[in-house]
Amino acid sequence: MRLLLQQRPDDAEAPRFVQLMLQPDLLGGWTLVRETGVMGGRSQVRREQFLDHDSAIAALERARDQQLKRGFQLMFTQGAAAPR
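Analysis parameters
Residues numbered from 1 in each chain as written. Predicted model: local features only at pLDDT ≥ 70, side-chain atom pairs only at ≥ 80, totals over all residues. Heavy atoms only, no water. Core = buried A, V, L, I, M, F, W, Y, C linked by side-chain atoms within 4.5 Å. Buried < 20%, exposed > 50% of the residue type's maximum accessible area, 1.4 Å probe, protein only. Helix = DSSP H or I, 4+ residues; strand = E, 2+ residues; numbered from the N terminus. Contact = heavy atoms within 4.5 Å. Expected span 1.5 Å × (residues − 1). Arc of directions from axis to C-beta. Pairing = 2+ DSSP bridges. Axes fitted to C-alpha atoms, helices over the stretch in contact; angles between N-to-C directions.

### Observations regarding the nonpolar core
- Core analysis: the biggest nonpolar cluster contains 13 residues, and Leu-5, Leu-20 and Leu-32 have the highest contact counts within it.
- Of all the secondary-structure elements, those providing two or more residues to this core are β1 (2-6), β2 (16-24) and α1 (53-69).
- Looking at this core element by element, the count peaks at five residues for α1.
- Leaving out residues up to four positions away in the same chain, Leu-5 has contacts with Arg-16, Phe-17, Val-18, Leu-20, Arg-64, Gln-67, Leu-68, Phe-72, Gln-73, Leu-74 and Met-75.

What follows is the structure, encoded as C-alpha cells:
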C-alpha cells in the first residue's frame, strides 16, 4: 500500500512531499515507511515496525490525517486495501 501527499507548489520553492508505504516484513509483521522531502531534492526515510496489520493501518491513517491537517493533498493511492 502506498500514499503520496504533496503540498501546493509555491512560486519560490519546490513542493514538499510525504510518501507513506506499508510493507509486510519477513517475520509476519508490518513496516510503515515514511519518506519526506522536497520534490527533486533530498529526502528522509523513517521506518516503524508493527506486529499486526490493524495497528499498521491505524498508524498509516494517523500519519495521513496529520499531513492533511498540515495542508498536504493526497495525490496518489496504490494498493487493494487503501485506507478510507
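### A closer look at α1
- The end-to-end C-alpha distance of α1 is 24 Å, a good match for the 24 Å that 17 residues give at a rise of 1.5 Å each.
- Taken residue by residue, α1 has Ala-56, Ile-57, Ala-59, Leu-60, Ala-63, Arg-64 and Gln-67 as its buried positions. Down the axis of α1, the sector holding all buried residues measures 160 degrees, keeping them to one side. Summarising the geometry of α1, the exposed residues directed more than 90 degrees from the buried face are Asp-54, Arg-62 and Lys-69.
- Elements that come into contact with the buried residues of α1 comprise β1, β2, β3 (30-38) and β4 (43-50).
- Positioned one or two residues after α1, Gly-71 has a phi angle of 100 degrees, which is positive.

### Considering the sheet that holds β4
- Read from one edge of the open sheet, five strands run β4-β3-β2-β1-β5, paired in antiparallel fashion. Unpaired on one side and paired on the other, β4 and β5 (73-78) mark the two borders of the sheet. Strand-to-strand, the axes of this sheet are offset by a mean angle of 15 degrees, without reference to chain direction.
- Pairing geometry for β1 and β5, over five bridges, is antiparallel. Note that in β5 the partner of Arg-2 across the bridge is Gln-78.

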